[in-house]
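# Geometric and topological summary
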Amino acid sequence: MCRKNKKVKENTQLRKALFEFRTPLIKIKLLSERLNYSEFTKRFEESLEILESNLHDQEKAKRLLVKTEILGGIGTWMDSPPWTAYQLGISSEFDKTTKRFSISRSKIKKYLK
């Protein structure tokens, strides 16, 4: 495959990954609202603004990855929110939503050059 065709394919894959990220992002935002974690809700809302912006796909992807880095360390999405979800009886929904978000985010990371 020539270099130009490879770059076009990568751009198409990134654009598709960004498009497909919208639904998991909205779902995790709604879940964070339901769990009453306003700091996460704000991050997800800001991420949606980035996603809907007129930035080039590469820049959009970079900013999204920074803004949605929530799955590691102290004070992250996997710290207190799982316990709150458990208390509300929605652990399964929490796990499913978080997994879909993580997979979708990983696709963006994969196609970012």
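The paragraphs below set out a description of the structure included in this document. (Residues numbered from 1 in each chain as written. Predicted model: local features only at pLDDT ≥ 70, side-chain atom pairs only at ≥ 80, totals over all residues. Heavy atoms only, no water.)

Tracing the chain through its elements places threonine 68 in the loop between helix H3 (57-67) and helix H4 (81-88). Between the alpha carbons of threonine 68 and phenylalanine 101 there is a distance of 9.6 Å; along the sequence they are 33 residues apart. Sequence-distant contacts of threonine 68, defined by excluding residues within four places in its chain, comprise Phe21, Leu25, Arg43, Ser47, Phe101 and Arg105. Within polar-contact distance, the side chain of threonine 68 engages the side chain of arginine 105 at 2.8 Å. (Helix = DSSP H or I, 4+ residues; strand = E, 2+ residues; numbered from the N terminus. Contact = heavy atoms within 4.5 Å. Polar contact = N/O pair within 3.5 Å; in protein donor to acceptor, adjacent residues only side chain to side chain.)

Within H4 the residues assigned to the buried category are Pro81, Thr84 and Ala85. Burial along H4 is one-sided: seen end-on, the buried residues are contained in an arc of 100°. With respect to the buried face of H4, the exposed residues turned more than 90 degrees away are Trp83, Tyr86 and Gln87. The first or second residue beyond H4 is glycine 89, which carries a positive phi of 75°. (Buried < 20%, exposed > 50% of the residue type's maximum accessible area, 1.4 Å probe, protein only. Arc of directions from axis to C-beta.)

Attention shifts here to the packing of aromatic side chains. Evaluated as defined, the whole model comprises 8 aromatic pairs. Ring centres of phenylalanine 21 and phenylalanine 101 lie 5.5 Å apart, and the angle between their planes is 40°; on these two criteria the pair is classed as tilted. In this pair, phenylalanine 21 sits in helix H1 (residues 3-35) while phenylalanine 101 sits in helix H5 (residues 91-111), placing the two residues 80 residues apart along the sequence. Summarising the burial analysis for this pair, phenylalanine 21 and phenylalanine 101 share the class buried. Between phenylalanine 40 and phenylalanine 44 the ring centres are 6.4 Å apart and the planes differ by 25°, which places this aromatic pair in the stacked class. Placement of the pair is phenylalanine 40 and phenylalanine 44 together in helix H2 (residues 38-51), with a separation of 4 residues, close to one helical turn. Note on phenylalanine 44: relative accessible area 0%, which makes it buried. An aromatic cluster is present here, built from Phe21, Tyr37, Phe40, Phe44, Trp77, Phe94 and Phe101 joined pairwise through their rings. (Phe/Tyr/Trp six-rings, centres within 6.5 Å; stacked < 30°, edge-to-face > 60°.)

Within the largest apolar cluster, 25 residues are counted, with the highest numbers of intra-cluster contacts made by Leu25, Leu35, Phe44, Trp77 and Ile108. Contributions of two or more residues to this core are made by H1, H2, H3 and H5. Per-element tally for this core: the top contributor is H1, with 8 residues. Ignoring sequence-local partners within four residues, the contact set of phenylalanine 44 consists of Leu25, Ile28, Lys29, Ser32, Ile70, Trp77 and Phe101. (Core = buried A, V, L, I, M, F, W, Y, C linked by side-chain atoms within 4.5 Å.)

This paragraph deals with H3. Taken as a whole, H3 has its buried residues at Asp57, Lys60, Ala61, Leu64 and Leu65. Seen from one end, H3 has its buried residues packed into an arc of 130°, which puts them on one side.

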